[in-house]
Amino acid sequence: MKFLSFVRRGQPGFGVVSGDGVIDLTGRLDPQVRSLRKAIELGVLDRAEALIARGPGLRMSDLTLLPVIPDPDKILCIGLNYESHRAETRRLDNAYPTLFARYADSQIAHGQHLLRPRVSDRLDYEGELAVIIGKGGRYIPAQEAMAHVAGYACYNDGTVRDWQRHTHQFMPGKTFPGTGAFGPVMVDAAAIPDYRKLRIVTQVNSETVQDATLDQLIFPIEELIAYCSSFTPLQPGDVILTGTPGGVGDRRDPPCYLQPGDVVSVEIAGVGHLVNPVAAES
């Protein structure tokens, strides 16, 4: 099943994709459940299957999409997790995952504009697979980690490269408003029996700039969940971004940063196709 978050008639909600439309699940799985994050927390998403047979009640055009999880407690981002990207950055091998945080208010939905901030002309793309936590926990063993996954989505972890390098702590370049595109849907974990077989392709103006498979991750998802849950309790709805492959614009010769009017897409077969135009911050 594919789930999404949206605004309709000024009110936030969530639903499940059915054919070309959407079944509104807001308050229907449980009267208290009015967000996808809450549905994940209470473990009621499996109830949606009984509603799909009734057919869609909403058209996509009726909705304004939101980031898949608009309000995660945590967004944990993994850097340098493909050998192709580590090599192009000329960074040393690391025994542990490279981590930074992204703020929820930096996120945008499918179709919304990635914003090149007024303080920089070095906005870069980073296509990634997002993992959404279903069952929370602390000190989760790697061999049990996949049971804690609710689903997967596409993510563009846009980076403002010059601000990333202001200090050794590069979070400022990673959490500008309008730079974290997330969507359009979350595919439930049951639909992806082996994430390693997934292929991720990023395009800018229909030109392929990144192309990799998830079996190329240096630290696989199981290890990321185990590692992250050791230093912070994971909560339902938390998001782990698994890293970007080689081919980022910053490491091209000459560098190729995103310009207003560009269109960036991140496609993961079986998961989704995230598309965002680029605009300059007003």
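Everything discussed here concerns the structure shown above.
Residues numbered from 1 in each chain as written. Predicted model: local features only at pLDDT ≥ 70, side-chain atom pairs only at ≥ 80, totals over all residues. Heavy atoms only, no water.

K.L.:
Tell me about the nonpolar core, and name the residues and values.
P.N.:
Counting 51 residues, the largest nonpolar core has Tyr152, Ile225, Ile240 and Val271 as the members making the most contacts within it. With four residues, helix H5 (residues 221-231) is the largest single contributor of residues to this core. Excluding anything up to four places from it in sequence, Ile225 contacts Ile133, Ile140, Ala145, Val149, Leu234 and Ile240. In this structure, Leu25, Leu45, Ala48 and Cys77 belong to the second largest nonpolar core, which totals 29 residues. (Core = buried A, V, L, I, M, F, W, Y, C linked by side-chain atoms within 4.5 Å. Buried < 20%, exposed > 50% of the residue type's maximum accessible area, 1.4 Å probe, protein only. Helix = DSSP H or I, 4+ residues; strand = E, 2+ residues; numbered from the N terminus. Contact = heavy atoms within 4.5 Å.)

K.L.:
Mind laying out the pairing of strand S14 (residues 180-188), listing which residues take part and the relevant values?
P.N.:
The element S14 is largely enclosed, with a buried count of nine among its nine residues. Summarising the sheet, strand S1 (residues 2-8) and S14 pair through two bridges and their orientation is antiparallel. Its bridge partner being in S14, Phe3 is matched across the sheet by Met186. Looking at chain direction, strand S8 (residues 107-108) and S14 are connected through two bridges and run parallel. Looking across to S14, one finds that Ile108 is bridged to Ala181. Two elements, strand S12 (residues 149-157) and S14, share six bridges in a ladder whose sense is antiparallel. Bridge pairing links Cys154 to Gly183 in S14. (Pairing = 2+ DSSP bridges.)

K.L.:
Lay out H5 with the relevant residues and their values.
P.N.:
Along H5, the residues classified as buried are Ile221, Glu222, Leu224, Ile225, Ala226, Cys228 and Ser229. Buried residues along H5 sit against strand S6 (75-79), strand S7 (98-101), strand S11 (127-133), S12 and strand S17 (239-241).

K.L.:
Quick one: what's the story with the pattern of salt bridges, residue by residue and with numbers?
P.N.:
Per the stated rule, a full pass over the model turns up 16 salt bridges. In this structure, Asp121 and Arg122 form a salt bridge, with 4.0 Å as the shortest nitrogen-oxygen distance. A salt bridge links Lys174 to Glu126; its shortest N-O distance comes to 2.9 Å. Within this pair, whereas Lys174 is found in the loop between helix H4 (161-164) and S14, its partner Glu126 is found in the loop between strand S10 (123-124) and S11, the two being separated by 48 residues in sequence. Owing to a relative accessible area of 4%, Glu126 belongs among the buried residues under this scheme. Bridged by salt links that share partners, the residues Asp124, Glu126, Arg161 and Lys174 form one connected network. (Salt bridge = Lys/Arg side-chain N within 4 Å of Asp/Glu carboxyl O.)

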